[in-house]
2 protein chains.
Amino acid sequence: MPDSLKPEALALVLSGRQITRRGFLAKVGQGLAAANVAAGLLKDAVAQQPHLVVPDPPGKKVGYAVVGLGQLAIYQILPAIAQCEKSKVVALVSGHPDKANKLALRYGVDPNNLYNYQNYDSIKDNPEVNVIYIVLPNSMHAEYTIRGLRAGKHVLCEKPMATTPAECQTMIDAARQANRKLMVAYRCRYEPFNQEMIRLAREQELGPVRIIHADAGFNIVDPTQWRLRKSMSGGGSLMDIGIYSLQAARYLSGEEPTEVNAMSYSTPGDPRFQEVEETINFQLRFPSGVLANCTADYSSAYRSHFRAIATKGYFELDPAMSYTGLLMRVNRGNEVEEPAIQPRDHFASEMEHMSQCVMEDKTPLTPGEEGLRDLKIMMAIYEAARTGNTVRL
Amino acid sequence: MPDSLKPEALALVLSGRQITRRGFLAKVGQGLAAANVAAGLLKDAVAQQPHLVVPDPPGKKVGYAVVGLGQLAIYQILPAIAQCEKSKVVALVSGHPDKANKLALRYGVDPNNLYNYQNYDSIKDNPEVNVIYIVLPNSMHAEYTIRGLRAGKHVLCEKPMATTPAECQTMIDAARQANRKLMVAYRCRYEPFNQEMIRLAREQELGPVRIIHADAGFNIVDPTQWRLRKSMSGGGSLMDIGIYSLQAARYLSGEEPTEVNAMSYSTPGDPRFQEVEETINFQLRFPSGVLANCTADYSSAYRSHFRAIATKGYFELDPAMSYTGLLMRVNRGNEVEEPAIQPRDHFASEMEHMSQCVMEDKTPLTPGEEGLRDLKIMMAIYEAARTGNTVRL
């Protein structure tokens, strides 16, 4: 199985923050990011002492099995879960026993709770595991989610939820049949900068939003990675990073798009883009008349920028989806504010939400249905790019 | 004739800089704008002393007749020309004698050189006039440009050049027949911030540009103004402010688009948008694979933002087309610079270029052919928005 390197990890590298096996060094420009730097150094200290078992804070915790130990799991999810009050890692699933053993030691996972892809289904017999967090390549999401649900576990699945709407529907059906929760890991919905953007949009502090810009991309370096194989990724920059732009357009408008236009480009002869698209720009129309212009690409400098333009001003995040260092600006005509928002770890926040939903038997904010909606729209974006016609949803 | 209020003047108001008849007060947030503020105060001082004739600096100057004394002429062009070394105002053309007399006194224009729309053609007998600057509503550009050329004068025409490509072609033909110069007043091409963006793009300091974002718009307030009458404007936000986004995409890519997508919206029942579009988003494809996402609107907060995303970083202007206070940022991965660029008056710069072309018998950087190219593309954008199909150029 290829390394399940997630775009976030790569993006972090590309944004100038070097990631190493032993920890990470956060080089950030914004003062607001100080708290995140501190958190990073803390994680760093933990990472450098593999014998150090992070002690559980008091109180009941939901037990997680993390499936797929790629960069995202190693550098983001496992360190994040160690900070959680309601969530703890109790099991690991990996094809690499050495990696699993090392991480088990670092995070205090019982060696009896290490699984591989062959004995994965036996996780049903492990009462410590409440939630399975799927951090695999996209094409494996459906299978491992469904097997997890059938094992009687709740599932938190990385985005995109799957590679086709049909797979998403099967996953939703499996969750319903198993009477288990299914949540898609849209981390930006759980962190306070994007939440403040949503609040400003909903409360119309600057009047109603009329236009949304959402741009995200990075330069994908390794031509051999799974996300450039269509059979594993389902698509290129749209599925991987454009989904953030699409999400932003949807959660900032608070509506579902009715029409989409798109234009895509892949450099002829570039070995990275033989199967999936390099760049895709798309436009969305929402029922209230909001129009969104979105971008995703795999060949330019890392950046992420969401701007919501309302009648009396505009507000934006730049960067909008990096793990740390998010910056918000609110332009009220002649006055520009940079609200002092206390950052929170995106992954810890999303896992805490999932745990709370499990504890209180509530539906997650981003259930399987939300993942399905994005997949349907992304298929329409591909159709629009392919045909050169506006596609109605 | 309706007041030829230009979008720039309105945008200035909407950006929080109050314009009054007696001068203007620049409230700007960026330190870089200090020089512009000083220039503004100087103009203000001049404006408050209508008896004060601005003395000519030494040296030969090209004589201008300004046609149309609306806000753009009063608050931008006439004050700008007073700063010029190679250009001077020698005649005014207006339907309002009182306005023309007052401005003639302020700027030292010979009272014999005041024309109206009836005796405009007699300007051919005035050897002091070398260039006619057309600052009229769009629908009048073609007629007054052609009459000016037939009077043997060079013509500098505000943008959009006309309301149809056919009109543009007639203007170009008239210039050729008259053997006179015809330049379109694309002020951003002559000011140093946009010029620095173009330099960075051409020299590929951050690698080749792959994606361009260009967003510009403002809230148009007065529903009775000419730019909301299709017969006078030729179109809505696209023709008025979207032309800046289109220009940015073209001059930052350095290429001509081959395909266009578009989506437009006008709020039903809004009296402002009965004849012309409110919002229009468009996508452009360029031959090298550069894709551009552009916006123009007439109902949101004033802003203007151009961002060119290259392989190793990105560079942007925000604001990008205000008269003053432009700000450039260059993001080289983890390092963000704000280059200290010395601002220059946009209108003075463009007029000095025209004067130099006249003096040295050279073709302007933005001749009639450049205006025609934009009109052809804007017609394709309208067609794409109307049909929902990608239009090939």
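Computed from a predicted model, the values in this text were never measured in an experiment. (Residues numbered from 1 in each chain as written. Chains lettered and ligands numbered in written order. Predicted model: local features only at pLDDT ≥ 70, side-chain atom pairs only at ≥ 80, totals over all residues.)

1. A short note on the overall build of chain A
Scanning chain A from N- to C-terminus turns up 11 helices and 17 strands. For chain A, the residues scored as buried account for 60% of the 393 residues in total. Taking the contacts inside chain A whose residues are at least 6 apart along the sequence as the reference set, 71% of them involve residues at least 24 apart. (Helix = DSSP H or I, 4+ residues; strand = E, 2+ residues; numbered from the N terminus. Buried ≥ 20, exposed ≤ 12 C-beta atoms within 10 Å, placed from the backbone. Contact = placed C-beta atoms within 7 Å.)

2. Brief notes about the interface of chain A and chain B
Each partner contributes to the interface: chain A provides 39 residues, whereas chain B provides 39 residues. Those elements that place two or more of their residues in the side of chain A that touches chain B are β9 (209–219), β10 (259–265), β11 (279–285), β12 (291–297) and β13 (299–310) of chain A. Within the side of chain A that touches chain B, the residues separate by chemical class into 9 nonpolar, 23 polar and 7 charged. (Nonpolar A, V, L, I, M, F, W, Y, C, P; charged D, E, K, R; others polar.)

3. Structural notes on unusual backbone geometry
The step from Lys-159 of chain A to Pro-160 of chain A runs through a cis peptide bond, and the omega angle for that step is -10°. In this fold, Pro-160 of chain A is placed in the loop between β7 (154–157) and α6 (165–178). The omega torsion across Asp-318 of chain B and Pro-319 of chain B is 0°, close enough to zero to call that bond cis. Here Pro-319 of chain B lies in the loop between β14 (314–317) and β15 (328–331).

4. Comments concerning the sheet that holds strand β17 (residues 391–392) of chain B
Residues and elements named next belong to chain B. Strand order in the open sheet made by the 9 strands is β16-β15-β14-β13-β9-β12-β11-β10-β17, with mixed pairing throughout. The sheet is open, and its two borders are formed by β16 (336–337) and β17, each paired with just one other strand. Pairing of β14 with β15, which is carried by 4 bridges, proceeds in the antiparallel orientation. The partner of Tyr-314 across the bridge, within β15, is Asn-331. Across the sheet, helix α7 (residues 192–203) lies against β9 (209–217), β13 (303–310), β14 and β15, angled at about 165° from β14, the strand it touches most. Along the sheet face, helix α9 (residues 237–253) touches β9, β11 (279–285), β12 (291–297) and β13 and points at about 160° away from the line of β9. (Pairing = 2+ DSSP bridges. Axes fitted to C-alpha atoms, helices over the stretch in contact; angles between N-to-C directions.)

5. Comments concerning the nonpolar core
Membership of the largest hydrophobic core comes to 248 residues, with the highest contact counts inside it found for Ala-65, Val-66 and Ile-381 of chain A together with Ala-65, Val-66 and Ile-381 of chain B. When residues no more than four places from it in sequence are discounted, the contact partners of Ala-65 of chain A are Val-90, Ala-91, Leu-92, Val-93, Ile-123, Val-129 and Ile-132 of chain A. (Core = buried A, V, L, I, M, F, W, Y, C linked by C-beta atoms within 7 Å.)

6. Digging into the environment of Gln-83 of chain A
All names here are of chain A. Counting through the fold element by element, Gln-83 comes out in the loop between α3 (71–81) and β4 (87–93). Considered as a pair, Gln-83 and Tyr-298 are 215 residues apart in the sequence and their alpha carbons are 32 Å apart. Setting aside its immediate chain neighbours within four residues, Gln-83 contacts Asp-345 and Ala-348.

7. Concerning helix α11 (residues 368–387) of chain B
Three or four residues apart is the spacing at which side chains of an α-helix point the same way, because the helix has 3.6 residues per turn. Residues and elements named next belong to chain B. When the terminal C-alpha atoms of α11 are compared, their 29 Å separation across 20 residues agrees well with the 28 Å that a helix rising 1.5 Å per residue should span. Buried residues dominate α11, accounting for 14 of its 20 residues. Backbone geometry just downstream of α11 places Gly-388 in the positive-phi region, at approximately 75°. (Expected span 1.5 Å × (residues − 1).)

8. Here's the deal with the packing of helix α9 (residues 237–253) of chain A against helix α11 (residues 368–387) of chain A
Residues and elements named next belong to chain A. Direction vectors running N to C along α9 and α11 enclose 110°, while the axes themselves pass 11 Å from each other. In terms of orientation, α9 and α11 fall into the roughly perpendicular class. Contact residues: α9 offers Leu-238, Met-239, Ile-243, Leu-246 and Gln-247, while α11 offers Asp-374, Ile-377, Met-378 and Ile-381. For the contact of α9 with α11, the per-class residue count stands at 7 nonpolar, 1 polar and 1 charged. (Parallel < 35°, antiparallel > 145°, perpendicular 65-115°, else oblique.)

9. Examining the relation of the copies chain A and chain B
Aligned on chain B, chain A shows an RMSD of 0.0 Å; the corresponding rotation is 180° and the shift along the axis is 0.0 Å. The superposition of one copy onto the other is thereby described by a two-fold rotation axis. Residue Asn-389 of chain A, judged by its C-alpha, is the member of chain A lying nearest the rotation axis, at 2.2 Å. In this assembly, 100% of the residues forming the interface of chain A have copies in chain B that are likewise at the interface, indicating an isologous arrangement. (Least-squares fit on C-alpha atoms with pLDDT ≥ 70 in both.)

10. Focus: α6 of chain A
Residue and element names in this part refer to chain A. Between the first and last C-alpha of α6 there are 20 Å, a value that for 14 residues agrees with the 20 Å anticipated at 1.5 Å per step. Within the sequence span of α6, burial applies to Glu-167, Cys-168, Met-171, Ala-174 and Ala-175. Projected down its long axis, α6 shows its buried positions confined to an angular sector of 120°, all on one face. When the buried face of α6 is taken as reference, the exposed residues oriented beyond 90 degrees from it are Ala-166, Arg-176 and Gln-177. Where α6 is buried, its residues contact α5 (141–150), β8 (182–184) and α11. Of the residues flanking the end of α6, it is Asn-179, one or two places downstream, whose phi is positive at about 55°. (Arc of directions from axis to C-beta.)

11. A closer look at the sheet that holds strand β8 (residues 182–184) of chain B
All names here are of chain B. Taken in spatial order, the 6 strands of this open sheet run β5-β4-β3-β6-β7-β8, and their pairing is parallel. Both edges of this open sheet fall to β5 (114–115) and β8, since each of them pairs with a single strand only. Both strand β7 (residues 154–157) and β8 contribute to a ladder of 3 bridges, which runs parallel. Each bridged residue has a counterpart across the sheet, and for Leu-156 the counterpart in β8 is Met-183. Those strands touched by helix α5 (residues 138–150) are β3 (62–67), β6 (131–134), β7 and β8, and its axis lies near 160° from that of β7.

12. Quick look at the pairing of strand β14 (residues 314–317) of chain A
Residues and elements named next belong to chain A. Side-chain alternation along β14 places Tyr-314 and Glu-316 on one buried face and Phe-315 and Leu-317 on a second face that is also buried. In the sheet, β13 pairs with β14 via 4 bridges, with the strands oriented antiparallel. Following the sheet pairing, Ile-309 is matched in β14 by Tyr-314. The hairpin formed by β13 and β14 contains 3 residues between the paired strands.

13. What about the confidence of the model for chain A?
All names here are of chain A. Overall, the predicted model of chain A reaches an average pLDDT of 89, with 85% of residues at or above 70. Residue range residues 1–48 is modelled with pLDDT below 50. Its contacts to residues more than four positions away, or to other chains, number 94 contacts. Across the assembled chains, the prediction reports ipTM 0.86 with pTM 0.87. (pLDDT = per-residue confidence, 0-100.)

14. Focus on the pairing of β11 of chain A
Residues and elements named next belong to chain A. Across the 7 residues of β11, 7 count as buried, placing the element largely inside the fold. In this structure, β10 lies alongside β11, joined through 7 bridges in antiparallel fashion. The residue of β11 that forms the bridge with Val-260 is Leu-284. Here β11 pairs with β12 via 7 bridges, running antiparallel. Bridged to Gln-283 within β12 is Asn-293. In sequence, β11 turns back onto β12 through a hairpin of 5 residues, with Gly-289 there showing a positive phi of about 105°.

15. Some words on the environment of Ile-243 of chain B
Residue and element names in this part refer to chain B. Structurally, Ile-243 can be placed in helix α9. A C-alpha to C-alpha distance of 22 Å links Ile-243 and Ile-132, two positions 111 residues apart in sequence. With residues up to four places along the chain from it excluded, the contact list for Ile-243 reads Lys-159, Pro-160 and Asp-374.

16. Topic: the environment of Gln-274 of chain A
By secondary structure assignment, the location of Gln-274 of chain A is in the loop between β10 and β11. Along the chain, Gln-274 of chain A and Pro-127 of chain A lie 147 residues apart, while their C-alpha atoms are 45 Å from each other.

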